[in-house]
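Observations on the model geometry
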Amino acid sequence: MADDIKSLDDLKSVVSGTPAASEDFAPREPVRDELGRSYATGKRKDAVARVWIKPGTGKVVVNGKDMDVYFARPVLQMILRQPFQIANVEGQFDVYATVKGGGLSGQAGAVKHGISKALQLYEPSLRGALKAAGFLTRDARVVERKKYGKAKARRSFQFSKR
């Protein structure tokens, strides 16, 4: 078959002529456990968060503590609320999360990533809005390693003329 295709027009006709690609398309199914929850893992820097969501009143519990206690800074609380605001489902889901590793900022980012993934698993119609906002993509930026002959990753030692 590969030797039959000699130009881009031939390739277009082969690709458009196959109905299998459009017939196999099926809408995504919700993924929920026997308790009606959706589970996802979120990651950011060195932090890893395990997140469960279920329908509720909007209560967020992180490592056994309320969100306002665990993430005391308002900026971190805002980060956790972003997926719900984008999906227009504020106050409709309870979140239970356990998070390990990294600092508070990385942990907040990990929980946000986990909430976004769990939301789209619970309600697949929310996937488009979350994906457009970039919440389903893991932020790959991590701390650059220290190099030999340098004070830090890029900082050199102070230069002395004499």
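Everything below is about the structure shown above.
Everything in this summary refers to the structure shown in the same document.

Calculation notes
Residues numbered from 1 in each chain as written. Predicted model: local features only at pLDDT ≥ 70, side-chain atom pairs only at ≥ 80, totals over all residues. Heavy atoms only, no water. Helix = DSSP H or I, 4+ residues; strand = E, 2+ residues; numbered from the N terminus. Buried < 20%, exposed > 50% of the residue type's maximum accessible area, 1.4 Å probe, protein only. Contact = heavy atoms within 4.5 Å. Salt bridge = Lys/Arg side-chain N within 4 Å of Asp/Glu carboxyl O. Axes fitted to C-alpha atoms, helices over the stretch in contact; angles between N-to-C directions. Parallel < 35°, antiparallel > 145°, perpendicular 65-115°, else oblique. Phe/Tyr/Trp six-rings, centres within 6.5 Å; stacked < 30°, edge-to-face > 60°. Expected span 1.5 Å × (residues − 1). Bend = angle between axes of the 7 residues up to and from the residue.

1. Observations concerning the overall build of the protein chain
- Check the secondary structure of the protein chain and you find six helices and five strands.
- Listing the helices and strands of the protein chain from first to last along the sequence gives α-α-β-β-β-β-α-α-β-α-α.
- A buried classification covers 30% of the 162 residues belonging to the protein chain.
- Nonlocal contacts in the protein chain, meaning residues at least 24 apart in sequence, comprise 66% of its contacts between residues at least 6 apart.

2. Section: the environment of G42
- Position of G42 relative to the elements: it lies in strand β1 (residues 38-44).
- In the structure, G42 is positioned 71 residues away from H113 in sequence and 4.7 Å away in space, judged by C-alpha atoms.
- Setting aside residues no more than four positions away along its own chain, G42 makes contact with A47, V48, A49, A110, H113 and G114.

3. Considering the pattern of salt bridges
- Taken as a whole and assessed by the stated rule, the structure comprises five salt bridges.
- As a salt-bridge pair, K147 and E144 come within 2.4 Å of each other at their nearest N and O atoms.
- Of the residues examined, E144 reaches a relative accessible area of 38% and is grouped as partly exposed.
- We note a salt bridge from R154 to E144, for which the minimum N-O separation is 3.1 Å. Of this pair, R154 sits in the segment after α6 (127-133) while E144 sits in the segment after α6, placing them ten residues apart in sequence.

4. Topic: the packing of helix α4 (residues 74-87) against helix α5 (residues 104-122)
- Contact geometry of α4 with α5 gives a least axis separation of 9 Å together with a crossing angle of 10 degrees. Between α4 and α5, the interaxial angle falls into the category roughly parallel. Counting all contacts with α4, which are made through L76, I79, L80, Q82, P83 and F84, the residues of α5 involved are L104, S105, A108, G109, V111, K112, I115, S116 and L119.

5. Here we look at the packing of aromatic side chains
- What the rule picks out here adds up to four aromatic pairs.
- When the ring of Y39 is compared with that of W52, the centres are 5.0 Å apart and the planes differ by 45 degrees; the resulting orientation is tilted. Of this pair, Y39 sits in strand β1 while W52 sits in strand β2 (residues 47-55), placing them 13 residues apart in sequence.
- By relative accessible area, which is 36% here, Y39 ends up partly exposed.
- We classify W52 as buried; its relative accessible area is 18%.
- Between W52 and Y96 the ring centres are 5.9 Å apart and the planes differ by 40 degrees, which places this aromatic pair in the tilted class.

6. Observations concerning α4
- Helix length check: α4, at 14 residues, gives a terminal C-alpha distance of 20 Å against a target of 20 Å (1.5 Å per residue), a fit within 8%.
- The axis of α4 is deflected most strongly, by about 40 degrees, at R81, and proline P83 appears within four residues downstream.
- Those residues of α4 that sit buried are L76, Q77, I79, L80, P83, F84 and A87.
- Residues of α4 that are buried make contact with β3 (60-62), α3 (67-70), β5 (93-100), α5 and α6.
- Just downstream of α4, N88 is the residue with a positive phi angle, here 55 degrees.

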